[in-house]
Amino acid sequence: MPMRLIRTGDEPIHARSPLRMRLGLATWGLLWTLGGAVAFAVAGRPGWAAACGALAVVTLIDLVLVIRHIRQGPHYQPGRDVPPYAPIAERGRSPGRRRAP
C-alpha cells in the first residue's frame with residue numbers, strides 16, 4: 001500500500017522557500033565561481049575562465065533575487081509565527097474531511 005502524503009497547504013501557488021539557506025548557498029557558489037575564474041585565467045585556460053565567469057553571473061543574479069525577496073518581507077519569507085496556508089478543498093468535499101486510504 002503506497003504511503004500518501006498529506007498536504008499542508010497550496011504549495012504550487014504559495015510555495016515557501018528557505019531564502020536564508022539559498023542566500024548562503026548562492027554566496028558560497030559566487031565565491032567558488034569567481035575563484036575558479038581567477039584561477040583558470042592565471043593558469044592560462046581562457047575557456048574555463050569564461051565558463052566560471054558565466055556561472056558567476058548567473059549566481060550573482062540569483063543572489064540579487066534572493067536578497068530582493070528577503071527584503072520584501074513576510075509575504076515571501078514567512079517566519080515561524082506564520083501558520084501554513086489552508087489546504088485546498090477537493091471538489092464536493094468540505095475542507096475538514098479527508099478521504100480514507
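Residues numbered from 1 in each chain as written. Predicted model: local features only at pLDDT ≥ 70, side-chain atom pairs only at ≥ 80, totals over all residues. Heavy atoms only, no water.

Draft legend 1. Just the packing of aromatic side chains, in detail. All chains considered together, the criterion is met by two aromatic pairs. Between tryptophan 28 and tryptophan 32, the ring centres sit 5.9 Å apart and the planes meet at 70°, which makes this aromatic pair edge-to-face. Residue tryptophan 28 and its partner tryptophan 32 are both found in helix α1 (residues 19-42); the two are separated by four residues, about one turn of the helix. Judged by its relative accessible area of 53%, tryptophan 28 falls in the exposed class. (Phe/Tyr/Trp six-rings, centres within 6.5 Å; stacked < 30°, edge-to-face > 60°. Helix = DSSP H or I, 4+ residues; strand = E, 2+ residues; numbered from the N terminus. Buried < 20%, exposed > 50% of the residue type's maximum accessible area, 1.4 Å probe, protein only.)

Draft legend 2. Representation of α1 within the structure. The first and last C-alpha atoms of α1 sit 34 Å apart over 24 residues, in line with the 34 Å expected at 1.5 Å per residue. Among all positions of α1, only Leu19, Ala26, Leu30, Thr33, Gly36 and Ala37 are buried. For α1, the secondary structure elements touched by its buried residues are α2 (46-71). A positive backbone phi angle near 80° is found at glycine 44, which sits one or two residues after α1. (Expected span 1.5 Å × (residues − 1). Contact = heavy atoms within 4.5 Å.)

Draft legend 3. Spatial organisation of the pattern of salt bridges. Scanning all chains against the criterion turns up one salt bridge. Arginine 22 serves as the salt-bridge partner of aspartate 62, at 2.7 Å between the closest nitrogen and oxygen. Linking aspartate 62 in helix α2 with arginine 22 in helix α1, this pair joins segments that are 40 residues apart in sequence. Accessibility expressed as a relative area gives 28% for aspartate 62, which makes it partly exposed. We classify arginine 22 as partly exposed; its relative accessible area is 32%. (Salt bridge = Lys/Arg side-chain N within 4 Å of Asp/Glu carboxyl O.)

Draft legend 4. Summary view of a nonpolar patch on the surface. A cluster of nonpolar residues, Trp28, Leu31 and Trp32, forms a patch on the protein surface that exposes about 430 Å² of accessible area. Of note, leucine 31 is situated in helix α1. Assessed through its relative accessible area of 56%, leucine 31 is described here as exposed. (Patch = residues over 30% accessible without salt bridge, like charges linked within 9 Å, V, L, I, M, F, W, Y side chains within 5 Å. Areas by Shrake-Rupley, 256 points an atom, 1.4 Å probe, with all protein chains shown as cover.)

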